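So you can see what is in the structure, the chains are spelled out below.
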Amino acid sequence: MQSTLLQIYLFLKIGHVTFMVFWLAGLFMLPRQMIYMLDHAPGSPGEARWAERSAKLRKIILTPSLIVVWVLGLTMAYAMGFFSAGWLHAKLALVLLLSGYHGWLVAQSKKMARGERPLTETRLRVLGEVPGLLLVLIVTLVYLKPF
Ligand code: HEM
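Conventions adopted
- Residues numbered from 1 in each chain as written.
- Predicted model: local features only at pLDDT ≥ 70, side-chain atom pairs only at ≥ 80, totals over all residues.
- Heavy atoms only, no water.
- Donors = N, O, S within 2.8 Å, 3.2 Å for Na, K, Ca; no water.
- Tetrahedral: all angles 85-135°; square planar, octahedral: opposite > 155°, others 65-115°.
- Helix = DSSP H or I, 4+ residues; strand = E, 2+ residues; numbered from the N terminus.
- Buried < 20%, exposed > 50% of the residue type's maximum accessible area, 1.4 Å probe, protein only.
- Expected span 1.5 Å × (residues − 1).
- Arc of directions from axis to C-beta.
- Phe/Tyr/Trp six-rings, centres within 6.5 Å; stacked < 30°, edge-to-face > 60°.
- Patch = residues over 30% accessible without salt bridge, like charges linked within 9 Å, V, L, I, M, F, W, Y side chains within 5 Å.
- Areas by Shrake-Rupley, 256 points an atom, 1.4 Å probe, with all protein chains shown as cover.
- Salt bridge = Lys/Arg side-chain N within 4 Å of Asp/Glu carboxyl O.
- Bend = angle between axes of the 7 residues up to and from the residue.
- Near = heavy atom within 4 Å.
- Polar contact = N/O pair within 3.5 Å; in protein donor to acceptor, adjacent residues only side chain to side chain.
- Nonpolar A, V, L, I, M, F, W, Y, C, P; charged D, E, K, R; others polar.

Colleague: Sorry if this is basic, but what is going on with the coordination of the iron atom of the ligand here?
Modeller: Working reference: metal with six octahedral donors, ideal angles 90 or 180 degrees; metal with four tetrahedral donors, ideal angle 109.5 degrees. Protein coordination at the iron atom of the ligand comes from H16 (NE2) and K91 (NZ), with a distance range of 1.7 to 2.1 Å. The site at the iron atom of the ligand holds 6 donor atoms, and with the angles between them running 86 to 176 degrees, its shape is octahedral. Here H16, found in helix α2 (residues 9-38), pairs with K91, found in helix α4 (residues 86-113); they are 75 residues apart in sequence, far enough to count as distant. For the pair H16 and K91, one class covers both residues: buried.

Colleague: Explain helix α6 (residues 130-144) to me, please; I cannot follow it from the model alone.
Modeller: Note that an α-helix has 3.6 residues per turn; residues three or four places apart therefore point the same way. For α6, built from 15 residues, the straight-helix expectation of 21 Å at 1.5 Å per residue is met to within 8% by its first-to-last C-alpha distance of 21 Å. All of the buried residues in α6 are P131, L134, I138 and L141. In an axial view of α6, the angular spread of the buried residues amounts to 95 degrees, which keeps them on one side of the axis. α6 presents L133, V136, Y143 and L144 as exposed residues on the side facing more than 90 degrees away from its buried surface.

Colleague: Please explain the packing of aromatic side chains as it appears in this structure.
Modeller: For any pair of aromatic rings, the description consists of the separation of the ring centres together with the inter-plane angle of the planes. A complete count under the given rule lists 3 aromatic pairs for this structure. Seen in terms of ring centroids, F19 and F22 are 5.2 Å apart; in terms of plane orientation they differ by 85 degrees. Their pairing is edge-to-face. Highlighted residues: F19 and F22, both in helix α2, separated by 3 residues, approximately one helical turn. Exposure remark for F19: the relative accessible area of 29% places this residue in the partly exposed category. For F22, a relative accessible area of 39% translates into the label partly exposed. Judged by centre distance (5.1 Å) and plane angle (40 degrees), the rings of Y36 and W50 are tilted.

Colleague: For this particular structure, what's the right way to read a nonpolar patch on the surface?
Modeller: There is a patch of nonpolar side chains on the surface, built from M1, L74, Y78 and F83 and spanning about 420 Å² of accessible area. Mapped onto the secondary structure, M1 falls in the segment before α1 (2-7).

Colleague: Any chance you could explain helix α3 (residues 45-80) here in plain terms?
Modeller: Between its first and last C-alpha atoms α3 spans 51 Å; for 36 residues at 1.5 Å apiece the expected length is 52 Å, and the two agree. The largest bend along α3 measures about 40 degrees and falls at R58. Directly after α3, the chain includes G81, whose backbone phi takes a positive value near 65 degrees.

Colleague: I would appreciate a short explanation of the pattern of salt bridges in the present structure.
Modeller: If charged atoms from side chains of opposite charge come close, those side chains can pair. Evaluation of the coordinates by the stated rule reveals 3 salt bridges. With a shortest N-O distance of 2.8 Å, E47 and R117 are connected by a salt bridge. One end of the pair, E47, is in helix α3; the other, R117, is in the loop between α4 and α5 (121-127), and 70 residues separate them in sequence. Residue R117 is classed as partly exposed on the basis of its relative accessible area of 29%. Of the charged contacts, one joins E121 and R125 as a salt bridge, the two residues approaching to 2.5 Å between their closest N and O atoms. Here E121 pairs with R125, and both are found in helix α5, just 4 residues apart, close to one helical turn.

Colleague: I tried to follow the site of the ligand on my own but got confused; where do I start?
Modeller: The full set close to the ligand counts 24 residues, and Y9, H16, K91, Y143 and K145 are the nearest of them. With respect to the ligand, the side chain of K91 contributes an N or O atom lying 2.6 Å from a nitrogen atom. In this structure, an oxygen atom belonging to the ligand sits 2.6 Å away from a side-chain N or O atom of K145. Contributing elements (two or more residues each) for the shell around the ligand: α2, α3, α4 and α6. The greatest single-element share of the shell around the ligand, amounting to 7 residues, is contributed by α2. For the shell around the ligand, the per-class residue count stands at 19 nonpolar, 2 polar and 3 charged.

Here it is in structure tokens:
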């Protein structure tokens, strides 16, 4: 099993990185869409249009990408026997944080689709920086493997 996975390792990595980009792109787009939704009154047709776009972003990009990144990442870690490596533990902690942020943001966007306005534009702009910050830390850990 492990040797078969090693033979297709590069393809696993291509999938992992590609879907990681899709996931991050979705996480950058969602707060943007939520800012656009703030321009529309609760219950208005404009709000409904943005709610529909956010739902599509969740179903087509965000949720599938999160699943593929996790599955391929864990498969590669198993293939290479990385589970005892310190850098992977640190990376997993950061990815759990990113996944938690994903879940929380999705919950906020669903609230907005129901007419609630839990976040201001300023907060959404600041939140938009979270995935980029975590990306820098995660990529640094993967390439430097400092511990
Ligand atoms: C979901 C849990 C994840 C696990 C278990 C995981 C695990 C791994 C493993 C084992 C590798 C291979 C390292 C190597 O061959 O040296 C890897 C590569 C990589 N991962 Fe992840 N990863 C996960 C999520 C992420 C996320 C969220 C990002 C970015 C935000 C990311 C970015 C990368 C990058 C850039 C590479 C390097 C590819 C290369 O060697 O060029 N990973 N990951």
